[in-house]
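Remarks on the overall topology
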Amino acid sequence: MWSPCKVLVFALVVASSFTYVRVLEFCQSTRHDCNSEIHDNKGSKSKLSQHTVKSRWNMSVSNLIQDLDQFRVSCKKLIEAFPIDEVDGNFARSVKHCIFSKSNPTPLKDPLRLAAISKDVIEGILDLDMAVTQSDDFLHYASGGRLPLGSVPLAHRYGGHQFGYWAGQLGDGRAHSLGQYTNRKGEVWELQLKGSGKTPYSRSGDGRAVIRSSVREFLCSEAMHFLGVPTSRAASLVVSDEPVIRDQFYNGNVKTERGAVVLRLAKSWFRIGSLEILAQSGEIELLRKLLNFVIDEHFSSINSDDPDKYLVFYSTVVNETAHLIAQWMSVGFAHGVCNTDNFSLLSITIDYGPFGFMESYNPNFVPNTSDDEGRYSIGAQANVGLVNLEKLLMALSPVLSKKQHKEAKISLKGYVDIYQIRIHQLFKAKLGLLGEEEDDGYLIAFLLKMMEDTKSDFTMVFRQLSEVPAQQLHNRNFTQMWAFEDLSSHKLFSDWLSKYLLRLSRQQNNSDLDRQHRMKNVNPRYVLRNWMAESAISKAEINDFSEVELLYHILSFPFVTQETAEEASYAARPPLWAKRLKISCSS
């Protein structure tokens, strides 16, 4: 016999011209990511028309900035809030008693090419007219050759626990924060270049990033956003012919690749390791100063005069981290390197490296070939989140009283329950279940166990279940539904299906079409599978960026069936060569 509890522990789961994407059906949400309220998105809910979908790519250019010389950032708040490294220069060194070092980007060498652009970010966040992205000036701004007005480039000092061990000083070894931009909606975003050269935190690295890792970061940042998962964003990807030497699989097979820079942004790039380095170094006043800044800037619900504000902050991070990882699991996303230096204090997904979207359902799925022990397997992510929150509590210990520390431990103990409640909600929504019945958890666990036994595709089982009418389920007609055909080979499939259909039949005032619409809004048809990214990378490395652009547009509407995506087989059974793909930490 198998244990449903064990399975539930796993669930603990461009250029200026627009590439036309033919849409076959539309989701029923006003959110531009075609997502439902299960992803905590706010806003009114009404039927999404074809005009609404297209309008995201045809925004009014009124009030958009049409001259890059008018685009301004500010570093004032960051520089005035904290002491800055007293030593100048980008040479590697041990840094103390500061949060940032001043560090100028090293421009990518010409010729430069714009490999990818996110119109949603350029227009929707940065208030820029897309026309400016076609200029040489933009290429240089987006690759470190020129600085926007107001920029004082900074590299952030942080540490971290990597694969369970304290790694000491880490920091932005190839990233430069350009400053904060306040857009016309009043949002404040911190712009950062990745792959922009050496900093004091580069250690033995060259400060560069290569095309393959940069394509992956650009595409996945945007894909996760449109899936409704909190994440950093990517504005652009610029590539160069500049040679970069890499040993991709750390096996001595060194080869020359090409350099690239991603312009990415987040509300904040502070992470658990930002606090750890200060606690480990005994810089307690600076620890308080950073905590106060983070709370004042990003946790508006916390009163800055509250004597328990650090405790409330910690409890909030515990809650939001549990929710974030539950959302990862609901779309089959494995981060790959869940070190504390990669865990955001704002509970957003950052630092895309050897990630992967699980194909065949497997709780032991590990996307990172460098993770020999499977420490960061998809099924371990919730437990790793708990460990990282323990490390955060250790970092906060110097500023907590004994009573507050005790209460913080109680908050931490609540993490598992918060996670389990959230994952239960998410998977119920994936199955289209309304209300709450005693056996719902069993129904979810039963399905996941069958998927594991039959190696069924995680994404497409849920999607095809969303698309099939209940009558067709009754008739056991699964032709042209490859993932569901795999699942139906399980000897207990009929038992599960009978239980599922019976559960659906008890849902009052809910038509089968309503169920299908709800399920399509939370079960994507397209995710960034590694083989899709690899196909785009292979072309990008010979300066053909067409598939990068195509994937960006397809993944911007992951819940909508698109003819262009179907022609590219993005929802078909993965090719056999996909199983041989290897992804490493090398980037």
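We now turn to the structure provided with this report. Counting restarts for each chain, with residues numbered from 1 along the sequence as it is written. Where local features are concerned, this predicted model is filtered to residues with pLDDT of at least 70; where side-chain atom pairs are given and counted, the filter is 80 or more; whole-chain, interface and lining totals use all residues. Heavy atoms throughout the structure, all of them, feed into the side-chain values; hydrogens and water do not.

The next thing to look at is the overall build of the protein. Labels follow the DSSP assignment, with helices taken as runs of H or I lasting at least four residues and strands as runs of E lasting at least two, numbered in each case from the N terminus. When its secondary structure is counted, the protein shows 21 helices and 12 strands. For the protein, buried positions account for 58% of its 587 residues. Each accessible area value is a Shrake-Rupley result obtained with a 1.4 Å probe; residue values ignore everything except the protein chains displayed when judging cover. For the protein, the accessible area works out to roughly 23400 Å², and carbon and sulfur atoms hold 50% of it. Here the term buried applies to any residue with accessible area under 20% of the maximum for its type, exposed to any over 50%, and partly exposed to those in between, with areas from a 1.4 Å probe on protein chains only.

Our focus in this paragraph is the environment of aspartate 129. Examined against the element boundaries, aspartate 129 turns out to sit in the loop between α4 (119–124) and α5 (136–141). For the pair aspartate 129 and aspartate 67, spaced 62 residues apart in sequence, the C-alpha to C-alpha distance is 8.4 Å. Any N or O atom pair separated by 3.5 Å or less is treated as a polar contact, with the protein-specific requirement of one donor-capable and one acceptor-capable atom, and with residues adjacent in sequence counted only for side-chain atom pairs. At 2.9 Å, the side chain of aspartate 129 and the backbone nitrogen of alanine 131 are in polar contact.

Looking now at the pattern of salt bridges. Working definition: two side chains of opposite charge can pair if their charged atoms are close together. We count a salt bridge whenever a side-chain nitrogen from Lys or Arg sits within 4 Å of a carboxyl oxygen from Asp or Glu. For the structure shown, the criterion picks out 31 salt bridges. With a closest N to O distance of 3.5 Å, arginine 288 and glutamate 285 form a salt bridge. Here the residue arginine 288 and the residue glutamate 285 both occupy positions in helix α8 (residues 284–298), the gap between them amounting to 3 residues, near one helical turn. By relative accessible area, which is 59% here, glutamate 285 ends up exposed. In this structure, aspartate 440 engages arginine 503 in a salt bridge whose closest nitrogen and oxygen atoms are separated by 2.8 Å. Within this pair, whereas aspartate 440 is found in helix α13 (residues 440–454), its partner arginine 503 is found in helix α17 (residues 493–505), the two being separated by 63 residues in sequence. Taking relative accessible area as the criterion, arginine 503 reaches 3% and is therefore assigned buried.

Below, the discussion takes up the packing of aromatic side chains. Aromatic rings from Phe, Tyr and Trp, taking only the six-membered ring of Trp, are treated as a pair when their centres fall within 6.5 Å; an angle between ring planes under 30 degrees marks them as stacked, one over 60 as edge-to-face, and anything in between as tilted. Summed over the entire model, instances satisfying the criterion amount to 27 aromatic pairs. Ring plane angle 80° and centroid distance 5.1 Å describe the contact between phenylalanine 299 and phenylalanine 313, whose orientation is recorded as edge-to-face. Within this pair, whereas phenylalanine 299 is found in the loop between α8 and α9 (309–330), its partner phenylalanine 313 is found in helix α9, the two being separated by 14 residues in sequence. Residue phenylalanine 299 shares its accessibility class with phenylalanine 313, and that shared class is buried. Where phenylalanine 478 meets phenylalanine 493, the ring centres are 5.7 Å apart and the plane angle is 90°; that geometry is what we call edge-to-face. Of this pair, phenylalanine 478 sits in the loop between α15 (470–474) and α16 (482–488) while phenylalanine 493 sits in helix α17; the two residues are 15 residues apart in sequence, bridging distant segments of the chain. Owing to a relative accessible area of 7%, phenylalanine 478 belongs among the buried residues under this scheme. One aromatic cluster in this structure is built from Trp328, Phe333, Phe343, Tyr352, Phe355 and Phe357. Any Lys NZ or Arg CZ that is within 6 Å of a ring centre and within 35 degrees of that ring's normal is treated as a charge sitting over the ring. Cation over ring: arginine 216 sits above phenylalanine 355, and NZ or CZ is 4.0 Å from the ring centre. We note lysine 430 situated over the ring of phenylalanine 462; from NZ or CZ to the ring centre the distance is 4.6 Å.

For the rest of this paragraph, the subject is unusual backbone geometry. Going from aspartate 110 to proline 111, the amide bond is cis rather than trans, its omega being 0°. Locating proline 111 in the fold gives a position in the loop between β1 (100–102) and β2 (112–117). The phi angle at serine 569 is positive, at roughly 65°, despite the residue not being glycine. For serine 569, the position within the fold is in the segment after α21 (563–567). Residue serine 569 is classed as partly exposed on the basis of its relative accessible area, which comes to 35%.

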